[in-house]
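Geometric and topological summary
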Amino acid sequence: MELTEQLKEIKTQLRLSMNGAVSQSMREKGLVYKLNFGVELPRIKSIADAYEKDHALAQTLWKEDIRECKILAGLLQPVDSFLPEIADIWVENIRNIEIAELTCMNLFQYLPYAPAKSFHWIAAEDEYTQVCGFLTIARLLMKKGDMNERVENEFLDQAISAFLSGSYHVRNAALTAIRRFMQHSEENAFQVCRRVEDMKDSSSEAEHLLYTLIREEVEM
């Protein structure tokens, strides 16, 4: 089947599965898309399962300014042809938290260069580039939680700084990564506790909140 026919077939399936109530609910929660069919994630996954992973198809889907097409792109993009430069282009194009979370889960965490690239992203100034970096690191930590000392220090420096000064989504993504790091070992948890122990009585609301959240994580 030619690319144009595949794209047409996919869009037909999306229209047949559209859910106006879900789409409206997303708009009310601040998830704004140019076009959103409101198709639920299990249905999007089942549509993806009917196709082989294909670079050209995934790239074409990503360029569509449609929620479901971007989610499908992450599911259908082969890892071996997804070059670092393309990853940067995709990240620059991410403009809401749903696409950031799903693309990190479905694609970015599996990239062979994900560890290095995620550290490059968390050092960026753009909000969703940082979000993708921290969410990818969190995913990697779930699979393999150890880092060398230099990398650990860089990660904690960046994550704590992002929590204290970043936007709402950056703060949440950084905290998710910190929690995954802590959950790997008692030594990791101890490292984080030492980093925030002086924030207990801080006059900074952000520092006091971080201290409280870290203590809650330890006590769970």
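Preceding this paragraph is the structure being described.
Now for a quick tour of the structure.

Thresholds applied
Residues numbered from 1 in each chain as written. Predicted model: local features only at pLDDT ≥ 70, side-chain atom pairs only at ≥ 80, totals over all residues. Heavy atoms only, no water. Helix = DSSP H or I, 4+ residues; strand = E, 2+ residues; numbered from the N terminus. Contact = heavy atoms within 4.5 Å. Areas by Shrake-Rupley, 256 points an atom, 1.4 Å probe, with all protein chains shown as cover. Lys, Arg positive; Asp, Glu negative; His and termini not counted. Charge placed at Lys NZ, Arg CZ, Asp CG, Glu CD. Polar contact = N/O pair within 3.5 Å; in protein donor to acceptor, adjacent residues only side chain to side chain. 1 Å grid on protein atoms, 1.4 Å probe; cavity = no way out; pocket = protein on both sides within 12 Å on 5 of 7 lines; lining within 4 Å. Points joined across faces, edges and corners; volume = space filled by probe spheres on them. Nonpolar A, V, L, I, M, F, W, Y, C, P; charged D, E, K, R; others polar.

**Here's the deal with the overall build of the chain**
Scanning the chain from N- to C-terminus turns up 13 helices and 0 strands. Secondary structure elements of the chain, listed N to C terminal, follow the sequence α-α-α-α-α-α-α-α-α-α-α-α-α. With the C-alpha coordinates of the chain rotated into their principal frame, the extents come out at 60 × 35 × 30 Å. Restricting the contact set of the chain to residue pairs at least 6 apart, pairs at least 24 apart contribute 66%. Accessible area of the chain: about 11700 Å², with a carbon and sulfur share of 51%. Within the chain, the 35 negative side-chain charges are centred at a point lying 4 Å from the centre of the 25 positive side-chain charges.

**Here we look at the environment of S165**
Secondary-structure assignment places S165 in helix α10 (residues 149-165). Taking the C-alpha atoms as reference points, S165 and E101, 64 residues apart in sequence, are found 21 Å from one another. A polar atom in the side chain of S165 sits 2.8 Å from the backbone oxygen of S161.

**A closer look at the layout of surface pockets**
Volume-wise, the largest pocket comes out at about 300 Å³. As for the largest pocket, its lining consists of 14 residues, and the residues nearest its centre are P115, F119, L140, D146 and M147. Taken together, the residues of the lining of the largest pocket sort by class into 8 nonpolar, 1 polar and 5 charged. Around the second largest pocket sit 13 residues that line it, and I97, E101, L135, A173 and T176 are the ones nearest its centre. Put simply, the parts of the chain that give the lining of the second largest pocket at least two residues each are α7 (97-106), α9 (127-143) and α11 (168-184). Among the elements that make up the lining of the second largest pocket, the one with the highest residue count is α11 (5 residues).

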